[in-house]
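The chain contents come next:
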Amino acid sequence: MSAPVFLAESGVDTVVPGDRYVLDGAEGRHAGVVQRKARGERVDVVDGDGLRLRCVVEDTEAGRVTLLVQEVDREPAPGVVVTLVQALAKGDRDEMAIEAATEIGVDVVVPWQAERSVVVWRGERAAKSRARWLATVRTATKQARRARLPLVEVSLDSRGLAARVAAVVAAGGRAIVLHEEATTALADVDLPASSGAGAPAGETSAPEVLVVVGPEGGISDGELGSLTGAGAVAARLGPHVLRTSTAGPVAIALLAQRLGRWG
């Protein structure tokens, strides 16, 4: 069984094999008090940006776990960034979507206030709702044993999303709007070539694949026209109409396969 993952808040950049690393704070309490990790058990600590410390527990006390670092790995950045634009949906279906997409391997999630979204993010509710998305992504990252924490961007309205699509396309990426009436299958949409995974941070700008999923009531004709006018391609997943909580994760899984992430 793979080792459980805990997210480090800081202090991992200079760690080398043989060092001791102290896991404290909320993650230390979870490891020591909730999971009751014992001496000799394996634990991974990640920084959310690809760095992974492979450790064994050396000592535990209330809310504090001392780890012996055995290996330090740096997982390469993706050669193509996969982004899910998820329309806000009722009944936590949007959170279900980003949870599954995170476990599958999405790199960025973007909340979208679509015209037909029943849920509305405004004021204090917007801050609380985004905080729930951040917590959902964080928990799913640990569940999936990932070393990279997906970025949760600020919410966009339809005008802002059209501008985001135009920027992605202008930079050499691809924007895909999932739509049941589209004649092009997702499997047939051309994807950008990888920039080369593993390049040092800041030395490459990976192209982006942006996947747009509408709310329960679907994407309006006006929104579809605006997004395709900005350069997006309308595509269908298959013969069945999926819920808003399902469509995004399915699309991310298909793209992950095509991009060789599951090879």
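Look up: the structure comes first, before these words.
So, here is what we can say about the structure in this document.

The rules behind each value
Residues numbered from 1 in each chain as written. Predicted model: local features only at pLDDT ≥ 70, side-chain atom pairs only at ≥ 80, totals over all residues. Heavy atoms only, no water. Helix = DSSP H or I, 4+ residues; strand = E, 2+ residues; numbered from the N terminus. Contact = heavy atoms within 4.5 Å. Axes fitted to C-alpha atoms, helices over the stretch in contact; angles between N-to-C directions. Parallel < 35°, antiparallel > 145°, perpendicular 65-115°, else oblique. Left-handed = near helix turned anticlockwise from the far one by under 90°. Nonpolar A, V, L, I, M, F, W, Y, C, P; charged D, E, K, R; others polar. Pairing = 2+ DSSP bridges. Core = buried A, V, L, I, M, F, W, Y, C linked by side-chain atoms within 4.5 Å. Buried < 20%, exposed > 50% of the residue type's maximum accessible area, 1.4 Å probe, protein only. 1 Å grid on protein atoms, 1.4 Å probe; cavity = no way out; pocket = protein on both sides within 12 Å on 5 of 7 lines; lining within 4 Å. Points joined across faces, edges and corners; volume = space filled by probe spheres on them. Expected span 1.5 Å × (residues − 1).

**Section: the environment of A101**
Here comes step 1: Here A101 shows up in helix α2 (residues 93-104).
Here comes step 2: Setting aside anything within four residues of it in sequence, one finds A101 in contact with L84, V106, P249 and I252.

**Observations concerning the packing of α2 against helix α3 (residues 123-143)**
Here comes step 1: Direction vectors running N to C along α2 and α3 enclose 30°, while the axes themselves pass 8 Å from each other. The angle between α2 and α3 places the two elements in the roughly parallel class. Crossing of α2 against α3: the hand is right-handed. Facing α2, whose interface residues are D94, E95, I98, E99, T102 and E103, α3 presents R132, W133, T136, V137, A140, T141 and Q143.
Here comes step 2: Residues belonging to the contact of α2 with α3 are distributed by class as follows: 4 nonpolar, 4 polar and 5 charged.

**Brief notes about the sheet that holds strand β5 (residues 64-74)**
Adjacent strands of a sheet form backbone hydrogen bonds with each other and so pair up, either parallel or antiparallel.
Here comes step 1: With respect to topology, 5 strands assemble into an open sheet ordered β1-β3-β4-β5-β2, the strand pairing being mixed. Of all strands in the sheet, those with a lone pairing partner are β1 (5-7) and β2 (20-23), marking the two edges. Here the average twist between neighbouring strands, direction ignored, is 40°.
Here comes step 2: When β1 meets strand β3 (residues 42-46), the two strands line up parallel, connected through 3 bridges. Directly across from V5, in β3, lies its bridge partner D44.

**Quick word on the environment of V81**
Here comes step 1: Tracing the chain through its elements places V81 in strand β6 (residues 81-87).
Here comes step 2: When the C-alpha atoms of V81 and E223 are compared, they prove to be 24 Å apart, with 142 residues separating the residues in sequence.
Here comes step 3: With near-sequence residues (within four places) excluded, V81 lies in contact with D107, V108, A206, P207, E208, V209 and R261.

**A word on the pairing of β5**
Within a regular beta strand, the side chains point alternately toward one face of the sheet and then the other, so they alternate between its two faces.
Here comes step 1: Inspection of the sheet shows β2 paired to β5 by 4 bridges, in the antiparallel sense. Counterpart to R20 in the pairing with β5 is L68.
Here comes step 2: As defined by bridge partners, strand β4 (residues 51-61) adjoins β5 across 10 bridges and the pair is classed as antiparallel. When the bridges of β5 are listed, L51 appears paired with R74.
Here comes step 3: Connecting β4 to the antiparallel partner β5 that follows it, the hairpin turn spans 2 residues, and G63 within it adopts a positive phi of roughly 70°.

**Describing the nonpolar core**
Here comes step 1: Counting residues in hydrophobic clusters, the biggest one holds 25 residues, and the most contacted among them are V109 and V211.
Here comes step 2: Only β6, α2, α3, β10 (174-178), β11 (208-213) and α6 (244-258) provide two or more residues apiece to this core.
Here comes step 3: Among the elements that make up this core, the one with the highest residue count is α6 (4 residues).
Here comes step 4: Leave out the neighbours within four places in its chain, and V211 touches T83, L84, V85, I176, L178, A251, I252 and L255.
Here comes step 5: The next biggest cluster of nonpolar side chains, apart from the first, holds 21 residues, and it includes A114, V165, L210 and L227.

**Some remarks on the layout of surface pockets**
Here comes step 1: Its boundaries defined by the atoms lining it, the second largest pocket holds a volume of some 550 Å³.
Here comes step 2: Looking at the lining of the second largest pocket residue by residue, the classes come out as 10 nonpolar, 7 polar and 8 charged.

**Things to note about α6**
Here comes step 1: With 15 residues, α6 ought to run about 21 Å at 1.5 Å a step, and its terminal C-alpha atoms sit 22 Å apart, in line with that.
Here comes step 2: Turning to α6, its buried residues number three or more, namely T244, S245, A247, G248, P249, A251, I252, A253, L255 and A256.
Here comes step 3: Those residues of α6 hidden inside the fold are in contact with β6, α2, β10 and β11.
Here comes step 4: The positive-phi residue at the C-terminal boundary of α6 is G260, with phi of around 80°.

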